[in-house]
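Observations on the model geometry
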Amino acid sequence: RGASPGWAGRTAMNRGQILYRVAELMEGRRQQFVDEVARAEGLPAAAAGVVVARAIDRWVWYAGWADKIAQVLGTVNPVGAPYFDFTIPEPTGVVGVVAPERSSLLGLVSRLAPVIVSGNVAVVLASEGRPLPAVSLGEVLATSDVPGGVVNVLTGWRAELVPVLAAHEDVDALDLWGVPDDLRAATESAAAENLKRLSRRPTAVAEAKFDWTDDRRAERPEWIAAFLEMKTVWHPVGS
């Protein structure tokens, strides 16, 4: 797997603590994020403040799942043989995240946090036209306790970088949320050539209406599950 042993190998509780600390550091730079989101997305300061507050809260929400997702998705399977049979979720590995284009910070957090909370490594392609909040989030991550290399933030043209992510043999999965419609078919085809796991966004019309501030729509355990693999272990019991 491409996942960093130093991250995937941490205890779930420790990953949660580290990600919670990221939220604390974001809180310490709240005004900077508000200013950057306001400029990037053309929002009034009050509206940008709401977006940043939601981004910090959402990071905390996903951090809280670090030591819970295994209990929710894992199970002890009833089998008709003398075995203990366990199914356990494990991180997929290296996940390419094409962040939402419109929501420069909140959308990014909403797609990135569920990828890394379970132990995956992320290569993130920031919003093409609104990259500055993502760069500042990268600075926060670099000065936090998140191990180096767990989150790698790229800025640039999607038409140039998305095909590289899709075709790269060391990328195990791809979040297609921010992939433009005109690149979608080619990206999926390239990813199929090396058996990447894909997570797609809604239709273009639905995505345009997606409200990232709506907790009911953007706080989703299944977004964590999208980049987990289920390992089943059999262990003999009895004589």
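The following refers to the structure shown. For clarity, every value in this text was computed on a predicted model and none was experimentally measured.

**Some thoughts on the overall build of the protein chain**
When helices and strands are tallied, the protein chain shows twelve helices and eight strands. Relative to its length of 239 residues, the protein chain is compact, with a C-alpha radius of gyration of 18 Å against a globular reference of 18 Å. Principal axes of the C-alpha set define a box for the protein chain whose edges measure 70 × 40 × 30 Å. Residues counted as buried form 46% of the 239 residues belonging to the protein chain. Contacts in the protein chain between residues far apart in sequence, at least 24 positions, make up 78% of those at least 6 positions apart. Accessible surface computed for the protein chain: about 11,100 Å², of which carbon and sulfur atoms make up 57%. One way to put it: in the protein chain the 24 positive side-chain charges average out to a point 3 Å from where the 29 negative ones average out.

**Considering the sheet that holds strand β2 (residues 83–91)**
Taken in spatial order, the three strands line up as β1-β2-β8 in an open sheet, and their pairing is antiparallel. If you trace the sheet from one side to the other, it starts and ends with β1 (75–76) and β8 (228–236), each paired once. Where β2 meets β8, nine bridges bridge the pair, whose relative direction is antiparallel. Pairing of P89 across the sheet is with M230, part of β8.

Each value, and the rule that gives it
Residues numbered from 1 in each chain as written. Predicted model: local features only at pLDDT ≥ 70, side-chain atom pairs only at ≥ 80, totals over all residues. Heavy atoms only, no water. Helix = DSSP H or I, 4+ residues; strand = E, 2+ residues; numbered from the N terminus. Rg over C-alpha atoms; globule rule 2.2 N^0.38 Å. Buried < 20%, exposed > 50% of the residue type's maximum accessible area, 1.4 Å probe, protein only. Contact = heavy atoms within 4.5 Å. Areas by Shrake-Rupley, 256 points an atom, 1.4 Å probe, with all protein chains shown as cover. Lys, Arg positive; Asp, Glu negative; His and termini not counted. Charge placed at Lys NZ, Arg CZ, Asp CG, Glu CD. Pairing = 2+ DSSP bridges.

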